[in-house]
Amino acid sequence: MLGVRITVGDACIGCDTCQNICFVKAITLIDKKAVISDSCLGCGRCVSVCPQKAIKISVEGIANLDESVDRIKSLVDVT
Ligand code: SF4
Ligand code: SF4
């Protein structure tokens, strides 16, 4: 199974930029640090806007990507 994980590191200064761009409101500031909730959809927008580069995105199960693509292809019309 492919999973996207978003994590916030110690470089976060609580500037609020990520919170403002998150369209599902998955980010809250606690003690001036960004905290990502389970509502996160892994879109990566917050990663790209953070001025501190404090947010990291990682993909788990990337080794099975070909298998996932094959499964999707079997379910949809690919043109
Ligand atoms: S944009 Fe970066 S530095 Fe600012 S609150 Fe979010 S994680 Fe922290
Ligand atoms: S990855 Fe997207 S959905 Fe998740 S916290 Fe960042 S902006 Fe919000």
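The present account deals with the structure reproduced in this document. Source: prediction; values computed, not measured.

### Focus on empty space enclosed by the protein
So, point 1. Throughout the structure, instances matching the rule amount to 2 cavities of 30 Å³ or more.
So, point 2. If you add up the space inside the largest cavity, you get close to 100 Å³.
So, point 3. Surrounding the largest cavity, 15 residues form its lining, Cys22, Cys40, Gly42, Cys43 and Cys46 being those nearest its centre.
So, point 4. A class-by-class count of the residues in the lining of the largest cavity yields 12 nonpolar, 2 polar and 1 charged.
So, point 5. Of the volumes computed, that of the second largest cavity is approximately 80 Å³.
So, point 6. Contributing to the lining of the second largest cavity are 14 residues, with Cys12, Gly14, Cys15, Cys18 and Cys50 lying nearest its centre.
So, point 7. Here the residues of the lining of the second largest cavity sort into 10 nonpolar, 3 polar and 1 charged.

### Notes on the site of ligand 2
So, point 1. The environment of ligand 2 is made up of Ile6, Cys22, Val24, Ile27, Cys40, Leu41, Gly42, Cys43, Gly44 and Cys46.
So, point 2. According to the grid-proximity analysis, the pocket containing ligand 2 is the largest cavity.
So, point 3. A class-by-class count of the residues in the shell around ligand 2 yields 8 nonpolar, 2 polar and no charged.

Rules and cut-offs
Residues numbered from 1 in each chain as written. Chains lettered and ligands numbered in written order. Predicted model: local features only at pLDDT ≥ 70, side-chain atom pairs only at ≥ 80, totals over all residues. Heavy atoms only, no water. 1 Å grid on protein atoms, 1.4 Å probe; cavity = no way out; pocket = protein on both sides within 12 Å on 5 of 7 lines; lining within 4 Å. Points joined across faces, edges and corners; volume = space filled by probe spheres on them. Nonpolar A, V, L, I, M, F, W, Y, C, P; charged D, E, K, R; others polar. Near = heavy atom within 4 Å. Sits in = over half its atoms within 2 Å of the grid points.

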